[in-house]
Amino acid sequence: MSKDYAYDAIIIGAGPAGIACAYTLAKNGKSTLVIERGNTPGSKNVTGGRLYTYALDMVDEGLAAEAALERKVTHEQIIILDGNRSISIDYHDPSFNSECKSPQSYTILRAVFDEWFANKAVELGATVACGIKVDGLIEKNGQVVGVVAGEDNIYAGIVIAADGVNSLIAQKAGLISDIKPHAVGVGVKEVILLPSVTIESRFNLKKDEGASCLMLGCTEGIHGGGFLYTNRESISLGCVFVVDELAGHGRQVHDIFQELKMHPTIYPLIEGGETVEYGAHLVSEAGYREFPKKPYKDGLLVIGDSAGFVISTGYSLRGIDLAMVSGIAAARAIIAEKDPVRVGPVYMNELEKNLLMPTMKAVDGYYDILEIPRIYSSYPKLAAGLFEKLFTVDGKVPRSMKKEIRGLIKQNGLSAWQLIKDGFRGVKSI
Amino acid sequence: MAKIIACYKWVTDEADIRINSEGSIDFSKAKGKISDYDKNAIEAAMQAAQSIGASAVALTFGTAKAKLSLKDALTRGPAESFWVCSESAEKADGAATAKVLAEAVKKIGDYRLIICAEGASDTYARQVGPRIAARLDLPCITSVRGFEIQGDVITATRKLDNRTEVVKAGLPALISVLPEVNEAPIPGLKAVLDAGKKRSTEFKLQDIGLTDADVAPRTEVRDFKAYIMNRKNIIISADTNADKVKELVANLRKDGVI
Ligand SMILES: Cc1cc2nc3c(=O)[nH]c(=O)nc-3n(C[C@H](O)[C@H](O)[C@H](O)COP(=O)(O)OP(=O)(O)OC[C@H]3O[C@@H](n4cnc5c(N)ncnc54)[C@H](O)[C@@H]3O)c2cc1C
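All figures in this text were calculated on a predicted structure; none of them were measured in a lab. (Residues numbered from 1 in each chain as written. Chains lettered and ligands numbered in written order. Predicted model: local features only at pLDDT ≥ 70, side-chain atom pairs only at ≥ 80, totals over all residues. Heavy atoms only, no water.)

Pulling in residues and values, what's your account of the overall build of chain B?
Along chain B, the regular secondary structure elements total six helices and 13 strands. Taken along the three principal axes of its C-alpha coordinates, chain B extends 70 × 40 × 40 Å. Within chain B, the proportion of its 258 residues that are buried is 44%. Long-range contacts, defined as pairs at least 24 residues apart, comprise 67% of the intrachain contacts of chain B with a sequence gap of at least 6. Total accessible area on chain B is roughly 14,200 Å²; 49% of this is exposed by carbon and sulfur atoms. Measuring between centres, the 38 positive side-chain charges of chain B sit 1 Å from its 35 negative side-chain charges. (Helix = DSSP H or I, 4+ residues; strand = E, 2+ residues; numbered from the N terminus. Buried < 20%, exposed > 50% of the residue type's maximum accessible area, 1.4 Å probe, protein only. Contact = heavy atoms within 4.5 Å. Areas by Shrake-Rupley, 256 points an atom, 1.4 Å probe, with all protein chains shown as cover. Lys, Arg positive; Asp, Glu negative; His and termini not counted. Charge placed at Lys NZ, Arg CZ, Asp CG, Glu CD.)

In structure tokens form, the structure reads like this:
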């Protein structure tokens, strides 16, 4: 009894990229089908997560105010770990994120957020079909004209690949190559339940306030880091490791992560909590330098993680907001340009106009710093050692700090020259 | 066209149920789903409808929350769905549920076969099917693991303890099926899209001639508690795999399992 279906646009994947695109298209009267392989939007997704809310307001003015969010981030923390020691930096500004200014970021739980967001697009007329995996694209004379899912072929004026990192769709279309082990990280994460009052007292938060915390030195020297976000009644704690370094390391991700959980600085934060969710997911670590030459071809646009729109600077991780912004750019291009063969360049233009490409370019230097292996082990050690000396009072004559530092540099297998070189590289890169 | 009616229940997804340390059960985060066994009942209705050229329809009795089930049910193939919506479904026992479903079946009319699952995946009380049959004065075959319809006769294989039994009945009839009756397929994309275009009819109790008093349950659930099974907590810690196997076998022998 099946009829033949045809849509203005088919979007593969109901993550933030796909939904932002669907929302914008549906709002502008385009018949839009989103196909999601999870049983509900968000059910397959793992994220830190924090969402920078400007992106939601870019999708639609006022959307952030009604979104399914957890806590507004008022505490930005960085923790440097070495063995059992740690150095914590907590940037707190009570006016930051205050009522009159729109809070700039919120912690989120993706299963809740993605479902809310998808429903918003459905309210505007988009169709979201869940529990369906897209297996491939239908091409006619080199132009993408539809998708194949199981035994069904569905056609559309344009297809948008929003299927996330390691996009099989973009690979099948020949736009990106197979995943490169140095350009992706594997992230593991647990959601740990705790009463909201406990979270507020442990992190020094007022009601609705939240903390975002990134950790360095918890990956056994592997390029990567940890993260912790406070939700209303749970904590998201996780760790990311770059795949190629992990492969040669010999230890299991899970074991290293367990050690992080048991670290004397971290354990008191999660003590007594119950782990209700464990997830693992890839995350792009490549930035602009690995960006595909052409995130489009005739009849196909690639958005979000599928195209590599992720920024990781070491002190922040942005993917959800960029996914949305790229989804909006694709939708605007489709609305402005009817011809599926000409829409690609218009999309690129929109990415420039809404500042996504300039942003990717501007922070590309951070990847040079993040490639310095020393920042994942020797430098955290050096920093912890420095603080140890600084705070040690034992009645003896203190050695000069200069000498102490020299000693520590040597002790950690570093040289002053290396330090200067890395410092220079750091300053140049940012 | 004559109808084959598949009855299903919208239940709490057990995967989302949390058991607190003191044994109480937390349903607050749980979502709903079509009872797993009812997916087989719906598929059985689809296959039966195809074999005799009837139209399969889906029927449920549920609270407002069950609205979410309609699209899912239709995705599995039925041509239309019927939903008796009443908050009394929350506390309804087998008798009350059967009363409602029987009246809804009458209202739908022109049916050849009613298919229920043997039991719901939450309560597994196995009452609703036989009770509907009794109310409608229909032949009833339970524990069905396979069936065939020829003309006006249904021939079903029932699964008993350690044997099977083949039973015949004239149509219209009611059968309650076991999950092994078929493999419920995962719906495809077009099936999902088709579902959005199908008709769903909502009945209130009064539409089927019932009042709240009619569906008051006579059995009442007083308490839910987690059942905690005591584990033996034996850790096999021998050094080599061969020794581990030896120790495992020794333990199983000791318990008389092997
Ligand atoms: C551990 C970790 C922590 C992170 N922390 C943060 C953070 O705090 N803040 C932040 O901004 N970003 C963070 N990110 C990055 C962020 O999660 C991603 O950038 C973002 O989810 C990308 O959105 P997307 O819509 O492009 O892809 P996704 O969210 O991955 O969505 C893709 C969707 O497509 C579906 N899909 C895939 N293939 C198919 C198919 N063939 N057919 C149908 N459906 C398909 C998937 O099921 C999925 O729902 C983190 C990532 C990880 C792994």
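Give a description of the side chain of Lys297(A) that names residues and reports values.
Mapped onto the elements, Lys297(A) comes out in strand β16 (residues 296-297). Lys297(A) has contacts with Glu139(A), Gly142(A), Val144(A), Ala173(A) and Leu175(A), leaving out every residue within four places of it along the chain.

Give me the domain arrangement of chain B: which residues, what numbers.
Per the domain assignment, the segments of chain B are domain 1 (3-215) and domain 2 (228-258). A separation of 43 Å is found between the C-alpha centroids of domain 1 of chain B and domain 2 of chain B. (Domains from an automatic or database assignment.)

I'd like to hear about the packing of helix α10 (residues 320-336) of chain A against helix α11 (residues 343-353) of chain A, residue by residue, with values.
Residues and elements named next belong to chain A. Relative orientation of the contacting elements α10 and α11 amounts to 135 degrees, with a least axis distance of 8 Å. Between α10 and α11, the interaxial angle falls into the category oblique. You can see that α10 and α11 cross each other, and the crossing is right-handed. For the pair α10 and α11, contact is made by Ser-326, Ala-329, Ala-330, Arg-332, Ala-333 and Ile-334 and by Val-343, Val-346, Tyr-347, Glu-350 and Leu-351, respectively. Class assignment for the residues of the contact of α10 with α11 results in eight nonpolar, one polar and two charged. (Axes fitted to C-alpha atoms, helices over the stretch in contact; angles between N-to-C directions. Parallel < 35°, antiparallel > 145°, perpendicular 65-115°, else oblique. Left-handed = near helix turned anticlockwise from the far one by under 90°. Nonpolar A, V, L, I, M, F, W, Y, C, P; charged D, E, K, R; others polar.)

Let's hear about the site of the ligand: which residues, and what values?
All names here are of chain A. Every one of the 37 residues lining the ligand counts as a neighbour, but Glu-36, Thr-47, Gly-48, Arg-110 and Asp-305 are closest to it. Within the contact set of the ligand, an oxygen atom lies 3.2 Å away from a side-chain nitrogen or oxygen of Asn-45. Contact distances for the ligand include 2.9 Å between an oxygen atom and a backbone N or O atom of Gly-319. Burial of the ligand by the protein amounts to 97% of the accessible area it has alone, namely 1,000 Å². Mapped by element, the contributors of at least two residues to the shell around the ligand are α1 (16-27), β2 (32-36), β13 (224-230), β15 (274-284), β19 (317-318) and α10. Top contributing element to the shell around the ligand by residue count: β15, with three residues. Residues from two domains meet in the shell around the ligand; each of domain 1 (7-70 + 108-177 + 287-354) and domain 2 (182-284) gives at least three. (Near = heavy atom within 4 Å. Polar contact = N/O pair within 3.5 Å; in protein donor to acceptor, adjacent residues only side chain to side chain.)

Outline the packing of aromatic side chains, listing residues and values.
Within the structure shown, the criterion is met by twelve aromatic pairs over all chains. Here the aromatic rings of Phe82(B) and Phe203(B) are separated by 5.9 Å at their centres, their planes lie at 15 degrees, and the arrangement is stacked. Here Phe82(B) is found in strand β7 (residues 80-85), whereas its partner Phe203(B) is found in strand β13 (residues 199-203), with 121 residues between them in sequence. Neither Phe82(B) nor Phe203(B) differs from the other in exposure class; each is buried. What links up through ring pairs into an aromatic cluster is the set Tyr23(A), Phe113(A), Trp116(A) and Phe117(A). Its end group placed over the ring of Tyr52(A), Arg318(A) keeps NZ or CZ at 5.8 Å from the ring centre. (Phe/Tyr/Trp six-rings, centres within 6.5 Å; stacked < 30°, edge-to-face > 60°. Lys NZ or Arg CZ within 6 Å of the ring centre and 35° of its normal.)

Talk me through the packing of helix α14 (residues 378-391) of chain A against helix α15 (residues 401-411) of chain A; I want residue IDs and the actual numbers.
Residues and elements named next belong to chain A. Viewed as axis vectors pointing N to C, α14 and α15 meet at an angle of 145 degrees, and their least axial separation amounts to 10 Å. The interaxial crossing formed by α14 with α15 has right-handed handedness. Taken together, the residues of α15 that come into contact with α14 (itself represented by Leu-382, Gly-385, Leu-386, Lys-389 and Leu-390) are Met-401, Glu-404, Ile-405, Leu-408 and Ile-409. The residue inventory of the contact of α14 with α15, partitioned by class, reads seven nonpolar, one polar and two charged.

With reference to specific residues and values, describe unusual backbone geometry.
For the bond from Gly48(A) to Gly49(A), the omega torsion is 5 degrees, close enough to zero to count as cis. With respect to the secondary-structure elements, Gly49(A) resides in the loop between β2 and β3 (50-52). For the peptide bond that leads from Leu171(B) to Pro172(B), omega is -5 degrees, which places it in the cis range. In this structure, Asp110(B) is a non-glycine residue whose phi angle is positive, near 45 degrees. Within the secondary structure layout, Asp110(B) lies in the loop between α3 (94-108) and β8 (111-117).

Break down the environment of Ser176(B) for me, citing the residues and quoting the values.
Residues and elements named next belong to chain B. Take Ser-176: it is sitting in strand β12 (residues 173-177). Judged by its relative accessible area of 1%, Ser-176 falls in the buried class. Sequence-wise, Ser-176 and Ala-6 are 170 residues apart; in three dimensions their C-alpha atoms are separated by 9.9 Å. Here Ser-176 is in contact with Cys-116, Ala-117, Glu-118, Ile-141, Thr-142, Ser-143 and Val-144, once residues within four sequence places are set aside.

Before we move on, could you go through the nonpolar core and cite the residues and values that matter?
By size, the foremost hydrophobic cluster in this structure holds 94 residues, and its most contacted members are Leu56(A), Phe113(A), Phe117(A), Ile160(A), Phe309(A) and Met324(A). Apart from the residues lying within four places of it in its own chain, the contact partners of Phe117(A) are Pro16(A), Ile19(A), Ala20(A), Tyr23(A), Leu56(A), Val59(A), Leu63(A) and Met324(A). (Core = buried A, V, L, I, M, F, W, Y, C linked by side-chain atoms within 4.5 Å.)

Any details on the sheet that holds β8(B)? Residues and values, ideally.
All names here are of chain B. The sheet built from nine strands is open, its strands ordered β11-β10-β9-β12-β8-β1-β6-β7-β13 with mixed pairing. The sheet is open, and its two borders are formed by β11 (164-170) and β13, each paired with just one other strand. Across the sheet, the axes of successive neighbouring strands diverge by a mean angle of 30 degrees, strand direction being ignored. As defined by bridge partners, strand β10 (residues 153-159) adjoins β11 across seven bridges and the pair is classed as antiparallel. Paired with Val-153 across the bridge in β11 is Gly-170. Running at roughly 160 degrees to β7, helix α2 (residues 67-75) makes contact with β1 (3-8), β6 (55-62), β7 and β13 of the sheet. (Pairing = 2+ DSSP bridges.)

Before we move on, can you summarise helix α6 (residues 241-254) of chain B with the specific residues and values?
With 14 residues, α6(B) ought to run about 20 Å at 1.5 Å a step, and its terminal C-alpha atoms sit 20 Å apart, in line with that. Gly256(B) sits one or two residues past α6(B) and shows a positive phi near 70 degrees. (Expected span 1.5 Å × (residues − 1).)

Mind laying out the interface of chain B and chain A, listing which residues take part and the relevant values?
With 15 residues of chain B in contact, the opposing surface of chain A contributes 24 residues. Buried surface at the junction of chain B and chain A, both sides included, amounts to about 1,400 Å², of which 60% is carbon and sulfur. If you sort the residues of chain B by the area they bury against chain A, Leu189(B), Lys190(B) and Leu193(B) come out on top, with a joint share of 46%. Between chain B and chain A we count one salt bridge in total. For Glu115(A), the salt bridge is made with Lys31(B), and the minimal N-O distance between the two is 3.1 Å. Taken together, chain B and chain A are joined by five residue pairs in polar contact (both at pLDDT 80 or more). Per-element tally for the side of chain B that touches chain A: the top contributor is helix α5 (residues 189-195) of chain B, with six residues. In terms of residue class, the side of chain B that touches chain A is made up of six nonpolar, one polar and eight charged. (Buried area = accessible area lost by both parts, 1.4 Å probe. Salt bridge = Lys/Arg side-chain N within 4 Å of Asp/Glu carboxyl O.)

Describe the domain arrangement of chain A, listing the residues and the values that go with them.
All names here are of chain A. For chain A, the assigned domains are domain 1 (7-70 + 108-177 + 287-354), domain 2 (182-284) and domain 3 (368-429). The gap between the C-alpha centroids of domain 1 and domain 2 is 27 Å. Where domain 1 abuts domain 2, roughly 1,600 Å² becomes buried across the two surfaces, and 58% of that area is made up of carbon and sulfur atoms. Among the residues domain 1 hides against domain 2, the three largest losses belong to Val-46, Glu-70 and Val-165. Together they make up 34% of the total. The tally of links from domain 1 across to domain 2 stands at zero salt bridges. Counting the contacts that link domain 1 with domain 2 gives six residue pairs in polar contact (both at pLDDT 80 or more). Counted by class, the side of domain 1 that touches domain 2 contains seven nonpolar, eight polar and four charged residues.

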